[in-house]
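# Results of the structural survey
Spelled out from the first residue to the last, the chains are:
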Amino acid sequence: MKNPIEHLNKSFDNRIRLGIMSTLMVNDEVSFNELKELLNITDGNLASHLKGLEESGFIRVQKGFIGRKTNTTYAASKAGEKAFKAHLAALEEMIRSSK
Amino acid sequence: MNTENTHLEALQDIKQMMERSSRFISLSGLSGIAAGTCALIGAAVAYPIVNRSHLNTAERNPAELISYNHEFLIKDYTGSSLFTIAVCTLLAAICFAFLFTYLRSKKTNTPIWSASSRRLTLNVMLPLVAGGIYLFRLLQIGTYGLIAPGCLIFYGLALLNASKYTLREVRYLGICEIILGIINLWVIGNGIYFWAFGFGILHILYGIVMWWKYERKQ
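Notes on the structure follow. Remember, it's a predicted structure, so these values are computed and weren't measured experimentally.

All names here are of chain A. When the terminal C-alpha atoms of helix α4 (residues 78-97) are compared, their 29 Å separation across 20 residues agrees well with the 28 Å that a helix rising 1.5 Å per residue should span. Of all the positions in α4, only G80, A83, F84, H87, A90, L91, M94 and I95 are classed as buried. Along the axis of α4, the buried residues cluster in a sector spanning 130°; they form a single face. For α4, the exposed residues set more than 90 degrees away from the buried face come down to K78, K82, K85, R96 and S97.

What follows is the structure in structure tokens.
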């Protein structure tokens, strides 16, 4: 029998990572501070989840400056978009099959 | 059953984050109702003044009404009273609209000054400022008859543009304002009625529908 959860991506298991990816799917690029405001979480927490997604190759990071302040923006990578869409499809499939 | 619920929750989270990050959705229906009420009060206060100058011009043909450099009219329009009423109405409407939207954003826990609200403000302001400059020139030249339709059309265009960055329903309000403005172009001299309907009644209707749809249950 086919395992129904085989397509559920472990990287998106967490609510915050799911939130980050959802935001990046509909916006070209989002800054660290905007993500922080949207998700309502602390710097450290957000940074660690972003690091995880970056290591999986799902997001692209661009470091820049506004004046002297650092301004890091994030965008979904091609692989990230693909993985996220597959994850959504898997979620949909699971809900449909359990009805 | 339990896992099904977690997956549904995950999907709802995704949907919410996508909307919250790309559109400014804290716009309150009550803002529309308040702004509409301000406009109606403003129109009621302005009515006697407009009516007085209207009596004087009722017998003139529309072409004259558009371009006639009528001293009495100039004094009445720019000569503070009407202008002051218009500015006060606008300020009151903006204040109330901001207040209710601010309260709503507190309730839904979304930042009011975010990337999405900045984008919304910019996209509303562009057509409005262009329209404002155009209308200012009309005032200078003395073509008062075209002011009210101009307000409605440019405001409608601003809303149409804004609808990409906020609640989709704003689009229909924008289209209604544009149609109203265009009709008004052929019924010059009745600007105050169109103005009251477009900025007053349409806002209130829109506000009620939005409140009913999104805020009633909360």
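Continuing now.
Turning our attention to the interface of chain B and chain A. The partner chain A presents 21 residues to the 19 residues of chain B that form the contact. Summed over both sides, the interface between chain B and chain A buries roughly 1,700 Å², with carbon and sulfur atoms accounting for 65% of that surface. Taken together, the links from chain B to chain A amount to two salt bridges. One can count three residue pairs in polar contact (both at pLDDT 80 or more) joining chain B with chain A. At the level of secondary structure, the elements contributing two or more residues to the side of chain B that touches chain A comprise α1 (2-22) and α6 (115-141) of chain B. Ranked by residues supplied to the side of chain B that touches chain A, first place goes to α1(B) with 12 residues. Residue composition of the side of chain B that touches chain A, by class: nine nonpolar, five polar and five charged.

Here the focus is the packing of aromatic side chains. Applying the stated rule across the entire model yields eight aromatic pairs over all chains. Both rings, one in F32(A) and one in Y74(A), keep their centres 6.5 Å apart while their planes meet at 45°; by these two values the pair is tilted. Here F32(A) is found in helix α2 (residues 32-39), whereas its partner Y74(A) is found in strand β3 (residues 69-76), with 42 residues between them in sequence. Judged by relative accessible area, Y74(A) falls into the buried class, the value being 9%. Among the aromatic side chains, those forming a connected cluster through ring pairs are F12(A), F58(A) and F84(A). Against the face of W212(B) rests R216(B), its NZ or CZ located 4.0 Å from the ring centre.

By size, the foremost hydrophobic cluster in this structure holds 25 residues, and its most contacted members are F12(A), I20(A), M21(A), L35(A), L39(A), L46(A) and L50(A). Of all the secondary structure elements, the ones that give two or more residues to this core are α1 (15-26), α2, α3 (43-55), β3 and α4 of chain A together with α1 of chain B. Of the residues forming this core, the biggest block, five residues, is contributed by α1(A). Apart from residues lying up to four places away in sequence, L39(A) is in contact with I16(A), G19(A), I20(A), L46(A) and M17(B). Within the second largest apolar cluster, 13 residues are counted, among which are A39(B), L159(B), V170(B) and M210(B).

Cut-offs used in this document
- Residues numbered from 1 in each chain as written.
- Chains lettered and ligands numbered in written order.
- Predicted model: local features only at pLDDT ≥ 70, side-chain atom pairs only at ≥ 80, totals over all residues.
- Heavy atoms only, no water.
- Helix = DSSP H or I, 4+ residues; strand = E, 2+ residues; numbered from the N terminus.
- Expected span 1.5 Å × (residues − 1).
- Buried < 20%, exposed > 50% of the residue type's maximum accessible area, 1.4 Å probe, protein only.
- Arc of directions from axis to C-beta.
- Contact = heavy atoms within 4.5 Å.
- Buried area = accessible area lost by both parts, 1.4 Å probe.
- Salt bridge = Lys/Arg side-chain N within 4 Å of Asp/Glu carboxyl O.
- Polar contact = N/O pair within 3.5 Å; in protein donor to acceptor, adjacent residues only side chain to side chain.
- Nonpolar A, V, L, I, M, F, W, Y, C, P; charged D, E, K, R; others polar.
- Phe/Tyr/Trp six-rings, centres within 6.5 Å; stacked < 30°, edge-to-face > 60°.
- Lys NZ or Arg CZ within 6 Å of the ring centre and 35° of its normal.
- Core = buried A, V, L, I, M, F, W, Y, C linked by side-chain atoms within 4.5 Å.

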